[in-house]
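# What the coordinates show
What follows is each chain in one-letter form.
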Amino acid sequence: MFPVISSHRLWWGRLQRSICLNQAVLNRQHLQHVHIRVGDRAELSRAFTQRDVAMFSELTGDVNPLHLDEDFAKHTRFGKTIVHGVLINGLISALLGTKMPGPGCVFLSQEINFPAPLYVGEVVLASAEVKKLKRFLAIIAVSCFVVESKKTVMEGWVKVMVPEAPTS
């Protein structure tokens, strides 16, 4: 049998979106079983290599020499090649999709800033903290900073659709 699908309109800022949700997700009792809470935190660390940056460039077509060419980059304000900001943001996606809220989490929107560059080889720590939870939506503060220098290389927030809690 096909699941019952219901269409609902949600307002996020000034943008109206329609989404279809399985009736089980709309069941208020079911929604009370969300497995995250305000204040929950998670972290993930990584050092990007020049190979990571080159692979990302190849996959996306972003071949900006600031990321790939040391001779070009040494004549910029950064002095050497830097990691793509979107690649840094990928750590946040990995963190949210694997640790908290976890598998099934869906990115809805984000607002991020990159106050400082991340250089190849620097160990960066991505962190996320649930700030607001309303029904099946979570507002999560996110940041990435270099472990050694404590320099913030990305900060902001994301809005995600929280996956339903696993049933046991």
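Description of the structure in this document.

## Things to note about the overall build of the protein chain
Helix and strand content of the protein chain: six helices and seven strands. The linear arrangement of helices and strands in the protein chain, starting from the amino end, is β-β-α-α-β-α-α-α-α-β-β-β-β. Taking as baseline every contact in the protein chain between residues at least 6 positions apart, the subset at least 24 positions apart corresponds to 62%. As presented, the protein chain carries roughly 10,300 Å² of accessible surface, and 54% of it is formed by carbon and sulfur atoms.

## Some thoughts on the nonpolar core
Grouped together as the largest cluster of nonpolar side chains are 29 residues, with contacts concentrated most on Leu-96, Leu-118, Ile-140 and Cys-144. Elements represented by at least two residues in this core include exactly helix 3 (50–60), helix 6 (85–98), strand 5 (123–134), strand 6 (137–146) and strand 7 (152–161). Examining the composition of this core, we find that six residues originate from one element, helix 6, more than from any other.

## Some points on the sheet that holds strand 6
Paired through backbone hydrogen bonds, the strands of a sheet run either parallel or antiparallel to each other. Overall, antiparallel pairing links the five strands, which are arranged 3-5-6-7-4 in an open sheet. Edge positions in the sheet fall to strand 3 (41–47) and strand 4 (106–113), since each has one partner strand and no second. In this sheet, adjacent strand axes meet at a mean angle of 20° when their direction is disregarded. Relative to strand 7, strand 6 is paired through nine bridges, and the arrangement is antiparallel. The residue bridging Ser-143 from the neighbouring strand is Glu-155, located in strand 7.

## Details of the pattern of salt bridges
Per the stated rule, a full pass over the model turns up six salt bridges. Here Glu-43 ties to Arg-41 by a salt bridge, and the two come within 3.6 Å at their closest N and O atoms. Lys-74 is the partner of Asp-71 in a salt bridge, and the nearest nitrogen-oxygen pair spans 3.5 Å. For Lys-74, a relative accessible area of 47% translates into the label partly exposed. Linked by salt bridges that have partners in common, Arg-41, Glu-43, Glu-129 and Lys-131 make up one network.

## A few points about helix 3
By the burial criterion, the buried members of helix 3 are Asp-52, Val-53, Phe-56 and Ser-57. What you see down the axis of helix 3 is that its buried residues fit within an arc of 135°, all on one side. Projecting away from the buried face of helix 3 at angles above 90 degrees are the exposed residues Arg-51, Glu-58 and Leu-59. Considering only its buried residues, helix 3 is in contact with strand 3, helix 4 (65–68) and helix 6. Following helix 3 by one or two positions, Gly-61 has its phi on the positive side, about 85°.

## Details of the pairing of strand 5
In the sheet, strand 3 pairs with strand 5 via seven bridges, with the strands oriented antiparallel. The residue bridging Ser-45 from the neighbouring strand is Leu-125, located in strand 5. With ten bridges connecting them, strand 5 and strand 6 associate as antiparallel partners. Each bridged residue has a counterpart across the sheet, and for Ala-128 the counterpart in strand 6 is Val-142. Hairpin connection, strand 5 to strand 6: the antiparallel pair is bridged by two residues, and Arg-135 has positive phi, about 55°.

Rules and cut-offs
Residues numbered from 1 in each chain as written. Predicted model: local features only at pLDDT ≥ 70, side-chain atom pairs only at ≥ 80, totals over all residues. Heavy atoms only, no water. Helix = DSSP H or I, 4+ residues; strand = E, 2+ residues; numbered from the N terminus. Contact = heavy atoms within 4.5 Å. Areas by Shrake-Rupley, 256 points an atom, 1.4 Å probe, with all protein chains shown as cover. Core = buried A, V, L, I, M, F, W, Y, C linked by side-chain atoms within 4.5 Å. Buried < 20%, exposed > 50% of the residue type's maximum accessible area, 1.4 Å probe, protein only. Pairing = 2+ DSSP bridges. Axes fitted to C-alpha atoms, helices over the stretch in contact; angles between N-to-C directions. Salt bridge = Lys/Arg side-chain N within 4 Å of Asp/Glu carboxyl O. Arc of directions from axis to C-beta.

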